[in-house]
Amino acid sequence: MSSPAGCLRSRSGGAMTRSTITSTENGVTRRVYVKTYGCQMNVYDSVRMADLLAPLGFSKAERPQDADLVILNTCHIREKASEKVYSELGLMRRLKMAKAERGARMIVAVTGCVAQAEGAEIMHRARCVDLVVGPQNYHRLPELVAKALRSGGDGIIETNFPAVPKFDFLPEAAAPEGVTAFLTIQEGCDKFCSFCVVPYTRGAEYSRPAMQVLAEARQLVRGGAREITLLGQNVNAYHGKGPDGRVWTLGELIRRLAELPGLARIRYTTSHPRDVDDDLVAAHREVPQLMPFLHLPVQSGSDRVLAVMNRRYTTSEYRRTVERLRSARSDLALSTDLIVGHPGEKEEDFRDTLDLVGEIKFAQAFSFKYSPRPGTPAASATNQVPEQAKSERLAALQTLIVTQQREFNLSCIGRVLPVLFAKAGKHEGQIVGRSPYLQSVHITAARYRIGEIAPVRITAASTTSLSGAIAEAFAI
Ligand code: 5AD
Ligand code: SF4
């Protein structure tokens, strides 16, 4: 997997994020440690779990050994991602035993997509687990944690798909930790790509009502967010109920969000190429807050493989979609996801993938070896690609991706880009910002504030980041 710095995504196999919260109940301080694996939706869910537990008085633990409650918010997208959870649970078991020897109790909860897919197996394989909660049930965490605390250690599994969506039970969003925030607007998927577990772990496609989304966005902006990334497994299939009783599309929602004072930047991810409608293309043309950077997974450059994958588009249709978007916004940059070694993929199919990547010129891309997921159609296909061929194809593809990414970054040198100042850098007076294309930009400019957007002239680039200076300094 290539994982460019400056990218929001932290995929399985990539970085993990930790968030922590603390609590006092009957005068007793309780602490929680949350470890997040996988995609941005899991990052969002972990934040919301913290929001739910905060009223119970939970406070943050920096390390699992200091926590009364440990939550592993898991990802099931590829085998490696799931296996990581079991090795982490081995560590939790030792910590839990060490605590028990000191007469203290530690509740271990597994949430997220592994919880949904392997609930009973988790309980069986990892006896230290008290609580298994699927992604559609985490709004019940306070009640389930209380139950686990009362119980003598009998495992609780909660993986039903509830009739009422969890979003209706979530509290108001707390202030975001930085100037950028995630907001889940859609969840689940009805597309059933041959290789993917999401329709099974996250369930059927669901869009949150537009007013609920707007209220949460307002809350995030009030808390300091300047950039919001709208999330969904199939985000551009968004069809939420509008306040006028009509169904709103993603384009409509974006236009309405753009009216929020203080919200400077809007992004959305992940999109399906099939669902890029004219209204969304028009939003790219007309809404300046909508950033000119789009993650549009193509998965393969072979029409034959795309058909086997059940992706429901051809490479010509993908090219046409890219053209429509680029003609609406000429400075649009694209990123994508690619899978090599899907069952039945031949050398010539892989060469078609290299050709398509070469032609589209992605600013960045994530590439993965096909990983069989139990219960998905591709996992039981008899024409699996040998591991060796998968590894060779991945290496060749990543070489091309890295070259393209470096070329894209180098093409930014000399340009003036609006940069959102996100956090202080490692050195005195250094700021790390974010370009419209999600690149990290390092700037030395002591008098600028976090959250401000300023024009920066790019003076240097690497494969993973840019650096530059405030543009006024270059004024002739
Ligand atoms: N094997 C490898 N990669 C996968 N992805 C999804 N399922 C699999 C799998 N079984 C990749 C796709 C998707 C991204 C989130 O993960 O490229 O877009
Ligand atoms: Fe998975 Fe995306 Fe396909 Fe849905 S559209 S099944 S989330 S890869």
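Position numbers for residues count from 1 along each chain, tracking the sequence in the order it is written. Ligands are numbered from 1 and chains lettered from A, in the order in which they are written. For a predicted model such as this one, the threshold for reporting local features is a pLDDT of at least 70, and the threshold for listing and counting side-chain atom pairs is 80 or more; totals across whole chains, interfaces and linings nevertheless cover every residue. With hydrogens and water stripped out, all remaining heavy atoms of the structure feed into the side-chain values.

Re the overall build of the chain
Phase 1 of the analysis: A run of H or I in DSSP becomes a helix once it reaches four residues, and a run of E becomes a strand once it reaches two; helices and strands are each numbered from the N terminus. Looking only at helices and strands, the chain has twelve helices and 22 strands in total.
Phase 2 of the analysis: It is over C-alpha atoms that the radius of gyration is taken, and the globule rule equals 2.2 Å times the number of residues to the power 0.38. Taken over C-alpha atoms, the radius of gyration comes to 23 Å for the chain, in line with the 23 Å a tight globule of 476 residues would show.
Phase 3 of the analysis: The C-alpha extent of the chain, read off along each of the three principal axes, is 65 × 60 × 50 Å.
Phase 4 of the analysis: The burial tally for the chain puts 58% of its 476 residues in the buried class.
Phase 5 of the analysis: Contacts are residue-level and defined by heavy atoms, with any inter-residue pair within 4.5 Å sufficient. Considering only contacts in the chain between residues 6 or more positions apart, those separated by 24 or more positions represent 73%.
Phase 6 of the analysis: Just so you have it, the chain exposes about 19,600 Å², and 53% of that area is on carbon and sulfur atoms.
Phase 7 of the analysis: On the chain, the mean spot of the 61 positive side-chain charges and the mean spot of the 50 negative ones are 4 Å from each other. A 1.4 Å probe rolled over the protein chains alone gives each residue an accessible area, and that area as a share of the maximum for its type sets the label: buried under 20%, exposed over 50%, partly exposed in between. In this description, accessible areas are obtained by the Shrake-Rupley approach with a 1.4 Å probe, and a residue is regarded as covered only by the protein chains that are shown. Counted as positive: Lys and Arg. Counted as negative: Asp and Glu. His and the chain ends are not counted at all. Note on charges: their place is set at NZ of Lys, CZ of Arg, CG of Asp or CD of Glu.

What about the pairing of strand β20 (residues 440-444)?
Phase 1 of the analysis: For two strands to pair, DSSP has to find at least two bridges joining them. Of the pairings in the sheet, the one linking strand β19 (residues 430-434) to β20 comprises five bridges and is antiparallel in character. Residue pairing across strands places I431 opposite I443, the latter belonging to β20.
Phase 2 of the analysis: Here β19 hands over to β20 after five residues, with L438 in that stretch at a positive phi of 70°.
Phase 3 of the analysis: As paired elements, β20 and strand β22 (residues 465-470) share four bridges and run parallel to each other. Considered in β22, the bridge of V441 is made with L466.

Notes on the pattern of salt bridges
Phase 1 of the analysis: A carboxyl oxygen of Asp or Glu within 4 Å of a side-chain nitrogen of Lys or Arg is what we treat as a salt bridge. All chains considered together, the criterion is met by 33 salt bridges.
Phase 2 of the analysis: The partner of R393 in a salt bridge is E345, with the nearest N and O atoms 2.8 Å apart. Linking R393 in helix α12 (residues 387-411) with E345 in the loop between β16 (333-340) and α11 (347-360), this pair joins segments that are 48 residues apart in sequence. Per residue, the accessibility class of R393 equals that of E345, and both read buried.
Phase 3 of the analysis: For K390, the salt bridge is made with E387, and the minimal N-O distance between the two is 3.8 Å. Here E387 and K390 lie together in helix α12, a separation of three residues that amounts to about one turn.
Phase 4 of the analysis: With relative accessibility at 5%, the residue K390 sits in the buried group.
Phase 5 of the analysis: The exposure class of E387 is partly exposed, given its relative accessible area of 46%.
Phase 6 of the analysis: Salt bridges here are not isolated pairs; linked through shared partners, they connect D45, K166, E187 and R202.

A few points about the sheet that holds β19
Phase 1 of the analysis: Spatially, five strands are ordered β18-β19-β20-β22-β21 in a closed barrel, and the strand pairing comes out mixed. Along the sheet, successive strands turn relative to each other by an average axial angle of 55°, direction set aside.
Phase 2 of the analysis: Across five bridges, the pairing between strand β21 (residues 453-461) and β22 is antiparallel. From the neighbouring strand, A461 faces β22, where its bridge partner is L466. Here an angle of 0 to 180 degrees is reported between the N-to-C directions of two axes, which are lines fitted to C-alpha atoms, with helices fitted over the stretch in contact.

Quick look at the sheet that holds β16
Phase 1 of the analysis: Reading across the sheet, the three strands line up as β15-β16-β17 and stay open at both edges, with parallel pairing between neighbours. Taken across any chain shown, the strands that pair with only one partner, and hence form the sheet edges, are β15 (293-295) and β17 (364-369). Strand-to-strand twist of the sheet, defined as the mean angle between neighbouring strand axes without regard to direction, takes the value 15°.
Phase 2 of the analysis: Bridge count for β16 against β17 is six bridges, and the pairing is parallel. Bridging across to β17, I339 finds its partner in F368.
Phase 3 of the analysis: Along the sheet, α12 makes contact with β16 and β17, crossing β17 at roughly 175°.

Looking at α11
Phase 1 of the analysis: What a helix is expected to span follows from its residue count: subtract one and scale by 1.5 Å. Its 14 residues give α11 an end-to-end C-alpha distance of 20 Å, which sits within 8% of 20 Å, the value for a rise of 1.5 Å per residue.
Phase 2 of the analysis: Its buried side turned inward, α11 meets α9 (303-308), α10 (315-328), β16 and α12.
Phase 3 of the analysis: Phi for K361, located one or two positions after α11, is positive at around 60°.

Some details on the packing of α11 against α12
Phase 1 of the analysis: The interhelical angle for the contact between α11 and α12, taken along N-to-C directions, is 5°, at an axis separation of 10 Å. Taken together, the axes of α11 and α12 lie roughly parallel to each other. Here α11 contributes E347, F350, T353, L354, V357 and G358 to the contact with α12, which in turn contributes R393, A396, L397, L400 and Q404.
Phase 2 of the analysis: The residue makeup of the contact of α11 with α12, split by class, is six nonpolar, three polar and two charged. For classification purposes, angles smaller than 35 degrees are called roughly parallel, those larger than 145 roughly antiparallel, those between 65 and 115 roughly perpendicular, and all remaining angles oblique. Residues are grouped as follows: nonpolar covers Ala, Val, Leu, Ile, Met, Phe, Trp, Tyr, Cys and Pro; charged covers Asp, Glu, Lys and Arg; every other residue, Gly included, is treated as polar.

Let's talk about the nonpolar core
Phase 1 of the analysis: Nine residue types can take part in a nonpolar core, namely buried Ala, Val, Leu, Ile, Met, Phe, Trp, Tyr and Cys, and a core is a set of them joined through side-chain atoms within 4.5 Å. Within the largest apolar cluster, 63 residues are counted, with the highest numbers of intra-cluster contacts made by I185, I228, L230, L253, I254, L257 and Y268.
Phase 2 of the analysis: Sort the elements by how many residues they give to this core and helix α6 (residues 210-222) lands first, with six residues.
Phase 3 of the analysis: In this view, I254 contacts L230, I266, Y268, L280, V287 and L290; residues no more than four positions away in its chain are not counted.
Phase 4 of the analysis: If you look at the next biggest cluster of nonpolar residues, it comprises 25 residues, including M49, F58, V133 and F182.

Things to note about the environment of S46
Phase 1 of the analysis: Checked against the element boundaries, S46 lands in helix α1 (residues 40-53).
Phase 2 of the analysis: The spatial distance from the C-alpha of S46 to the C-alpha of Y138 is 9.5 Å, given a sequence separation of 92 residues.
Phase 3 of the analysis: A 3.5 Å cut-off defines polar contacts: any pair of N or O atoms within that distance qualifies, except that in protein one atom must be a possible hydrogen donor and the other a possible acceptor, and neighbouring residues in sequence count only when both atoms are side-chain atoms. In terms of polar contacts, S46 uses its side chain to reach the side chain of T36, at 2.7 Å.

Here we look at the site of ligand 2
Phase 1 of the analysis: Near residues are defined by distance, with any heavy atom within 4 Å of the molecule or strand qualifying the residue. Looking at ligand 2, the residues that line it are C189, K191, F192, C193, F195, C196, V198, P199, H272 and R311.
Phase 2 of the analysis: Residues that form the shell around ligand 2 fall into these classes: seven nonpolar, one polar and two charged.

Here's the deal with the site of ligand 1
Phase 1 of the analysis: Around ligand 1 sit twelve residues in total, of which R78, F195, Q299, D337 and S371 are the nearest.
Phase 2 of the analysis: Contact between ligand 1 and Q299: an oxygen atom at 2.7 Å from a side-chain N or O atom of the residue.
Phase 3 of the analysis: Between ligand 1 and the protein, one listed contact pairs a nitrogen atom with a backbone N or O atom of S371 at 2.7 Å.
Phase 4 of the analysis: Broken down by secondary-structure element, the contributors of at least two residues to the shell around ligand 1 are β16 and β17.

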